[in-house]
Amino acid sequence: MNAPVIFQREGRAIEGEASASEALIRFENVRKTYTTHHGGSVAALEDVNLAIKQGSILGVIGRSGAGKSTLIRLVNGLEKPDSGQIIVDSIDISRLAEKDLRKVRRSIGMIFQHFNLLSSRTVFGNIALPLEIGGLRKSEIQDRVEHLLTLVGLTDKRNHYPAELSGGQKQRVGIARALATRPKVLLCDEATSALDPETTASILQLLASINRDLGVTILLITHEMAVIRAIAHEIAVLDAGRIVEQGDAYDLFTRPQHPTTLRFLQSETGHQLPAYLAERLRPQAFAGALAVLRVGFRGAFAHDGILSHLTRKLNCDVNILGGAIDAVADRPFGTLIIGLPAGEALANQARHFLSERGHDAEFLGYVA
Ligand SMILES: Nc1ncnc2c1ncn2[C@@H]1O[C@H](COP(=O)(O)OP(=O)(O)OP(=O)(O)O)[C@@H](O)[C@H]1O
């Protein structure tokens, strides 16, 4: 079998590069298998190496069954690895006895797709629960819960029961409860997957502000690229139990390497050819054909007039056939599909011109 290809990116790569003092969470050569009811075994994670910097937001994306839940459950010791280490805040979680794990879990908060609130307790009661278990004085519990209610914008719902709340409000309660013990890490297990896009955006904004203002390190797993794009500083792509690509979020979005990453990105960034174009694309030139290029722009491209430069340089019209402009972590990037009334030689000249200026350009074929 071929060795797995891990696309480790230049610049702020996360594996190995975050020094031991910077990394709050580290996976070292982690392998996890499950034994099935029939006595077989399923490899959920293989050879996972990952470092999550203190104060950062790492998004792990993968399809169903890729191993995301297993990865997150290893961080708070709900699962034990077969081999390898999971170091959280300098402690090897995988070696701890249950009694010591309970202590460590107080520094690790977690939120869930289906919120996991106690239906018999009010909003206040749900948020107070971990503090009651921790044996805090009543007055301190009161103060902390009040503060958390303000933080998540639910002061007017303190006496409501979960059944009386919307999905977004329930997740706000979940977030407040997870933060009650003042954790260093917040684990988010598909935390917005049950919410509509608008509510998702508001929950992600809340998570971003918790990271920024409280310095809480966030590990978020999801199957949705839009979630990752909204808040992740760094991304790891998980495929069949292995991390196939990881690195800085902007680099990964604008220069994806692995086919799995590309598939996740296709609908996100205008990378995919519009259907009407894809159907008509031909590999060979023909009379009246346009040579089609896909151009990836990074940075403040909107202002630099690159396409008019290209028109002047090649002395031909540049047709915009498709594409999208977007941003990751407030840095703009975009993909444009352009058509040039030219043969492959001129298309290659255009490619050269664009790549000299730091833009990725790929020749795709010809359309009428
Ligand atoms: N308790 C278990 N017993 C046996 N196999 C398991 C168990 N939990 C997970 N698996 C298997 O391990 C693999 C990884 O599962 P995991 O739940 O971590 O993936 P996931 O990416 O979170 O998937 P999803 O998005 O569907 O939740 C899958 O093949 C799954 O069937």
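Residues numbered from 1 in each chain as written. Predicted model: local features only at pLDDT ≥ 70, side-chain atom pairs only at ≥ 80, totals over all residues. Heavy atoms only, no water.

Overview of the pattern of salt bridges
Oppositely charged side chains are able to pair whenever their charged atoms sit close together.
Here comes step 1: According to the stated counting rule, one finds 18 salt bridges in the structure shown.
Here comes step 2: The closest approach of N and O atoms between glutamate 28 and arginine 26, which form a salt bridge, is 2.8 Å.
Here comes step 3: Classification of arginine 26 by relative accessible area gives partly exposed; the value is 21%.
Here comes step 4: The salt bridge partner of glutamate 132 is arginine 121, with a shortest N-O separation of 2.9 Å. Taken as a pair, glutamate 132 in helix α3 (residues 123-133) and arginine 121 in the loop between β7 (108-112) and α3 lie far apart in primary sequence, eleven residues in all.
Here comes step 5: For glutamate 132, a relative accessible area of 40% translates into the label partly exposed.
Here comes step 6: Take arginine 121: its relative accessible area is 23%, and that puts it in the partly exposed class.
Here comes step 7: Taken together, the salt bridges that share partners define one network made up of Lys32, Arg73 and Glu79. (Salt bridge = Lys/Arg side-chain N within 4 Å of Asp/Glu carboxyl O. Buried < 20%, exposed > 50% of the residue type's maximum accessible area, 1.4 Å probe, protein only. Helix = DSSP H or I, 4+ residues; strand = E, 2+ residues; numbered from the N terminus.)

Focus: the site of the ligand
Here comes step 1: Tyr34, Val42, Ala44, Arg63, Ser64, Gly65, Ala66, Gly67, Lys68, Ser69 and Thr70 make up every residue found near the ligand.
Here comes step 2: Interatomic distance of 3.1 Å between a backbone N/O atom of alanine 66 and an oxygen atom of the ligand.
Here comes step 3: When contributions to the shell around the ligand are tallied by element, the ones reaching two or more residues are β3 (41-53) and α1 (68-75).
Here comes step 4: Looking at which element gives the most residues to the shell around the ligand, the answer is α1, with three residues. (Near = heavy atom within 4 Å. Polar contact = N/O pair within 3.5 Å; in protein donor to acceptor, adjacent residues only side chain to side chain.)

Concerning α3
What sets the pattern is the α-helix's 3.6 residues per turn: residues three or four places apart point alike.
Here comes step 1: The element α3 is largely enclosed, with a buried count of eight among its eleven residues.
Here comes step 2: Buried residues of α3: Val123, Phe124, Gly125, Asn126, Ile127, Ala128, Pro130 and Leu131, and no others.
Here comes step 3: Elements in contact with the buried residues of α3: α4 (138-151) and α5 (167-179).
Here comes step 4: Note on α3: the residue one or two positions beyond its end, glycine 135, has a positive phi of about 75°. (Contact = heavy atoms within 4.5 Å.)

Details of the domain arrangement of the protein
Here comes step 1: What the domain assignment lists for the protein is domain 1 (23-266) and domain 2 (275-367).
Here comes step 2: Counting residues at the interface gives eight residues for domain 1 and eleven residues for domain 2.
Here comes step 3: Between domain 1 and domain 2, the buried area comes to about 910 Å², and carbon and sulfur atoms account for 49% of it.
Here comes step 4: In this assembly, domain 1 and domain 2 are joined by one salt bridge.
Here comes step 5: A salt bridge links aspartate 360 to arginine 255, with the nearest nitrogen and oxygen atoms 2.8 Å apart.
Here comes step 6: Counting every contact that joins domain 1 to domain 2 gives three residue pairs in polar contact (both at pLDDT 80 or more).
Here comes step 7: In terms of residues, the side of domain 1 that touches domain 2 owes the most to one element, helix α8 (residues 249-254), which gives five residues. (Domains from an automatic or database assignment. Buried area = accessible area lost by both parts, 1.4 Å probe.)

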